[in-house]
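Understanding the architecture of this molecule
Residues per chain are reported as follows:
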Amino acid sequence: DAGITQSPRHKVTETGTPVTLRCHQTENHRYMYWYRQDPGHGLRLIHYSYGVKDTDKGEVSDGYSVSRSKTEDFLLTLESATSSQTSVYFCAISEGDSSSYEQYFGPGTRLTVT
Amino acid sequence: EDQVTQSPEALRLQEGESSSLNCSYTVSGLRGLFWYRQDPGKGPEFLFTLYSAGEEKEKERLKATLTKKESFLHITAPKPEDSATYLCAVQGASNTGKLIFGQGTTLQVKP
């Protein structure tokens, strides 16, 4: 158990509303990631963080922003949700001092945009 | 461009019937190849990391192997509780920290 929690676990929201998903870890790992998982596309990286206030884009970052003001929390924000952002969102952490380690995933957040 | 392809998409086995899942990859400078198991409604669960061709890792009925172009996940005498989706991912030298995932193989083991 990598000590990762995600909140909320389920959310239904309307098109055009802002949404923030939270990832919390208890073990002070440096690297944190946000992925989305969709049928036919597998898991795709949205954004990642390599330290407090240090973030970078993944392959599907359009429409998403992130923030990391504390080591333990990594927030994913959809500024104006669209139906194409309906998905299951997973947070992950990487142990060790390098990003070249296996990643451990949280339980996921199922987001539905109507 | 780094790419991962898994086959087959779905596999049905009888309990005790051994088989293999394939993960073919194209990556610039492999840093690591990772296998995960994912149960419905849950996050991926880490199984193995392989770093270089010829390396093998084992865990219970699972054995992962790696060549320069592909990895295999061998399942020996599977049980119904081995039913899950198995995901393969690679990390290349040009994508520090970024995993590229295949679409997974969904395994069903019937008693």
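The sections below set out a description of the structure shown in this document. (Residues numbered from 1 in each chain as written. Chains lettered and ligands numbered in written order. Predicted model: local features only at pLDDT ≥ 70, side-chain atom pairs only at ≥ 80, totals over all residues. Heavy atoms only, no water.)

**With respect to the sheet that holds strand S7 (residues 64-70) of chain A**
All names here are of chain A. Pairing is antiparallel across the open sheet formed by four strands, whose spatial order is S1-S3-S8-S7. Two strands lie at the open edges of the sheet, namely strand S1 (4-7) and S7, each paired on one side alone. Taking the axes of each pair of neighbouring strands and ignoring which way they run, one obtains an average angle of 20° across the sheet. Relative to strand S3 (residues 19-25), S1 runs antiparallel, the two sharing four bridges. Residue pairing for S3: Gln6 is matched across the bridge by Cys23. (Pairing = 2+ DSSP bridges. Helix = DSSP H or I, 4+ residues; strand = E, 2+ residues; numbered from the N terminus. Axes fitted to C-alpha atoms, helices over the stretch in contact; angles between N-to-C directions.)

**A few points about the layout of surface pockets**
Taken as a whole, the largest pocket holds about 630 Å³ of empty space. Lining the largest pocket are 31 residues; nearest its centre among them are A:Gln37, A:Asp38, A:Pro39, B:Gln38 and B:Thr85. Listed by contribution, the elements that provide at least two residues to the lining of the largest pocket are strand S4 (31-38), strand S9 (87-94) and strand S11 (109-113) of chain A together with strand S1 (3-7) and strand S9 (84-92) of chain B. In terms of residue class, the lining of the largest pocket is built from seven nonpolar, 18 polar and six charged. (1 Å grid on protein atoms, 1.4 Å probe; cavity = no way out; pocket = protein on both sides within 12 Å on 5 of 7 lines; lining within 4 Å. Points joined across faces, edges and corners; volume = space filled by probe spheres on them. Nonpolar A, V, L, I, M, F, W, Y, C, P; charged D, E, K, R; others polar.)

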